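# Examination of the molecular architecture
Letter by letter, the chains look like this.
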Amino acid sequence: MINSISSLFGIRYPIFQGGMAWVSDASLASAVSNAGGLGIIASGNAPADYVRAEIRKLREKTDKPFGVNIMLMSPHADEIARLVAEERVPVVTTGAGLPNKYMKEWLEAGIKVVPVVPSTGMARMVERAGAFAVIAEGGESGGHVGELNTMALVPQVVDAVNIPVIAAGGIGDGRGVAAAFMLGAKGVQLGTRFLVAKECTIHQNYKNKVLGAKDIDTIVTGRRLGHPVRSLKNPFSRQFQKNEYDSTMTLKEMEAFGVGALRRAAVEGDEKNGCFMAGQISGMINREQTCEEIITGIFEQAERLLNGAFNG
Ligand code: TUI
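Below or above, wherever it landed, is the structure these notes cover. (Residues numbered from 1 in each chain as written. Predicted model: local features only at pLDDT ≥ 70, side-chain atom pairs only at ≥ 80, totals over all residues. Heavy atoms only, no water.)

What follows concerns the site of the ligand. Every one of the 15 residues lining the ligand counts as a neighbour, but A96, V116, M122, E137 and H144 are closest to it. Side-chain polar atom of E137 to a nitrogen atom of the ligand: 3.1 Å apart, as the coordinates give it. One nitrogen or oxygen atom from the main chain of H144 is found 2.9 Å from a nitrogen atom belonging to the ligand. For the ligand, whose unbound accessible area comes to 710 Å², protein coverage reaches 74%. Across the shell around the ligand, the residue classes break down as 9 nonpolar, 5 polar and 1 charged. Mapped onto the domain boundaries, the shell around the ligand takes at least three residues apiece from domain 1 (4-201 + 285-307) and domain 2 (204-281). (Near = heavy atom within 4 Å. Polar contact = N/O pair within 3.5 Å; in protein donor to acceptor, adjacent residues only side chain to side chain. Areas by Shrake-Rupley, 256 points an atom, 1.4 Å probe, with all protein chains shown as cover. Nonpolar A, V, L, I, M, F, W, Y, C, P; charged D, E, K, R; others polar. Domains from an automatic or database assignment.)

Attention now moves to helix α3 (residues 48-61). Here α3 contains 14 residues, and its C-alpha end-to-end distance of 20 Å stays within 8% of the 20 Å for a straight helix at 1.5 Å per residue. Along α3, the residues classified as buried are A48, V51, E54, I55 and L58. Along α3, the residues classed as buried sweep out an arc of 125° about the axis, all on the same side. Set apart from the buried face of α3 by more than 90 degrees, the exposed residues are D49 and E60. Buried-residue contacts for α3 involve α2 (26-34), β2 (39-42), β3 (66-71) and α4 (77-86). (Helix = DSSP H or I, 4+ residues; strand = E, 2+ residues; numbered from the N terminus. Expected span 1.5 Å × (residues − 1). Buried < 20%, exposed > 50% of the residue type's maximum accessible area, 1.4 Å probe, protein only. Arc of directions from axis to C-beta. Contact = heavy atoms within 4.5 Å.)

Let us now look at the sheet that holds strand β6 (residues 134-137). Pairing within the open sheet is parallel, and its 8 strands lie in the order β1-β9-β8-β6-β5-β4-β3-β2. The outermost strands of the open sheet, each flanked by one partner alone, are β1 (15-17) and β2. Direction aside, neighbouring strands of the sheet carry axes that sit 25° apart on average. Strand direction decides the pairing type here: strand β5 (residues 112-117) and β6, joined by 2 bridges, are parallel. Bridge pairing in β6 links V117 to A136. (Pairing = 2+ DSSP bridges. Axes fitted to C-alpha atoms, helices over the stretch in contact; angles between N-to-C directions.)

Another point: the packing of helix α8 (residues 174-182) against helix α14 (residues 291-306). A packed helix pair is summarised by two numbers, namely the angle formed by the two axes and the spacing between the axes. Contact geometry for α8 and α14: axes closest at 7 Å, N-to-C directions at 50°. In terms of orientation, α8 lies oblique with respect to α14. Viewed along their axes, α8 and α14 form a crossing whose handedness is right-handed. Mapping the contact onto sequence places G174, R175, V177, A178, F181 and M182 in α8 and I298, F299, Q301, A302, L305 and L306 in α14. Taken together, the residues that form the contact of α8 with α14 break down as 9 nonpolar, 2 polar and 1 charged. (Parallel < 35°, antiparallel > 145°, perpendicular 65-115°, else oblique. Left-handed = near helix turned anticlockwise from the far one by under 90°.)

Dropping the structure here:
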């Protein structure tokens, strides 16, 4: 399974686990890294102390490479940016913005920076700033989504940059991985599939909602706020959608409606008032497995399909 991504990052399989706020903690990330992928701790909106504690916990569970994801809209982004440099985290991925102002400090600390980009323009920009690779994430993904979908985005980003491209959004099994490689990606990032990993510590209600979802059970809300988010349909997301069409509702009121909703889903399992972020592949997920079973199963299937086309 050696290719440019696995050798660049020192991992066995060219797969990243998505940095999902309130989901991707030391338990999930260390299990993914121990299974041969790149486990990633998500900082979301959490303060630096939380992230530092998760990094320490992860380092007790694995000596394999790992990453930290920084959600750039977080009010704590600056302090976490400093923390990852201090901690000499091997890999940093970013989302929901451009990381250029942090790049110099991270590169000097020897960090491999891999931003998520939703367009070719941003891919070029982060390449110029020194990114090691980019994650091209299509709108099939869960959480914050861009305009383009994976099938159109990935080959255009591959053509736009000289650094390796990791495909994300809509990939749930070996078929998706094989397709991503055919689009020119050298690696993949999966988030939703890891929601139901045995080592994933989210509330069981969250897992059950993903396991029970069918193809059309996700919805995108928040376009009016400028940061659209894909989540599973439930009373919360349906009400959010109604609010968006309600012209008497202010943007401030809509923002306030969403505050704390992801925590209510992941920690409390609140099926009514939680925001259960998940991607369109939720409909394909029907069992809980360990990270090792997930990763080896996906790559056995992909390799069968590609018949050796990973090499390169
Ligand atoms: O970041 C994600 N997924 C996320 S972040 C998140 S937390 C959140 N909660 C509520 C509202 C907004 C965020 C949940 N899921 N994926 C990576 C990603 N990054 N997708 C798209 C982008 C992106 C978007 C704009 C990257 C750069 C960008 O630049 C815009 C700019 O002008 O800075």
